[in-house]
Amino acid sequence: VDEWLFWQMAGLGPMTGQYGHFHVYAPEDVPYAKARYRKEAERLLGVLDKRLEDRAFITGGDYTIADMASYPWIGVYDKAPIDMAPFANVQRWHAAIRARPATQRAYALTKQVNPDAGKALSDEEKKLLFGQGAR
């Protein structure tokens, strides 16, 4: 469980985060960065897909913190979706977690926890995102 949690923290989260940054938020188009992070996100999805080949969850038959930590980083950017067709095992796993009652309850609270979810970033938020805010 720890190994896969570390895998998410060191790979899947940061790399899909960079994918989203350059595909959704960057103020200018940087083709090299977009291609680099798309390829790395796809590589990591391939690793996860292979891992899920013969198991229901990342570490086997039990749902663990490794699944909880990885789940939100899959298909997170509606404005720049990654083609999930090559990753059938990831799709199955993601759908199984999405169907869990606790997952549904948690995501139903999105607007309550973050009332601005889905709204465009303000100029001040963009400054903070790009390291230009007050220190």
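Definitions and limits used
Residues numbered from 1 in each chain as written. Predicted model: local features only at pLDDT ≥ 70, side-chain atom pairs only at ≥ 80, totals over all residues. Heavy atoms only, no water. Bend = angle between axes of the 7 residues up to and from the residue. Helix = DSSP H or I, 4+ residues; strand = E, 2+ residues; numbered from the N terminus. Buried < 20%, exposed > 50% of the residue type's maximum accessible area, 1.4 Å probe, protein only. Contact = heavy atoms within 4.5 Å. Salt bridge = Lys/Arg side-chain N within 4 Å of Asp/Glu carboxyl O. Lys, Arg positive; Asp, Glu negative; His and termini not counted. Polar contact = N/O pair within 3.5 Å; in protein donor to acceptor, adjacent residues only side chain to side chain.

## Brief notes about helix α1 (residues 2–25)
The principal kink in α1, of about 40 degrees, is found at glutamine 8. Of all the positions in α1, only Trp4, Leu5, Trp7, Gln8, Gly11, Leu12, Gly13, Met15, Thr16, Tyr19, Gly20 and His21 are classed as buried. On its buried face, α1 is in contact with α2 (31–51), α3 (65–70) and α7 (123–129).

## Considerations on the pattern of salt bridges
For the structure shown, the criterion picks out six salt bridges. Ionic pairing is found between lysine 34 and aspartate 29, a salt bridge with its closest N-O pair at 2.9 Å. When its relative accessible area of 24% is taken as the criterion, lysine 34 is described as partly exposed. Aspartate 29 sits in the exposed class, given a relative accessible area of 52%. Measuring nitrogen to oxygen at the nearest pair gives 3.4 Å for the salt bridge that ties lysine 50 to glutamate 53.

## Things to note about the side chain of aspartate 49
Relative to the assigned elements, aspartate 49 resides in helix α2. It is arginine 92 that comes nearest to the buried, bridge-free aspartate 49 among opposite-charge side chains, at 7.0 Å. Only 3.4 Å separates the side chain of aspartate 49 from the backbone nitrogen of alanine 88, close enough to count as a polar contact. Contacts of aspartate 49, omitting those with residues within four sequence positions, involve Pro86, Phe87, Ala88, Asn89 and Val90.

Any functional reading would require information beyond the geometric quantities listed.
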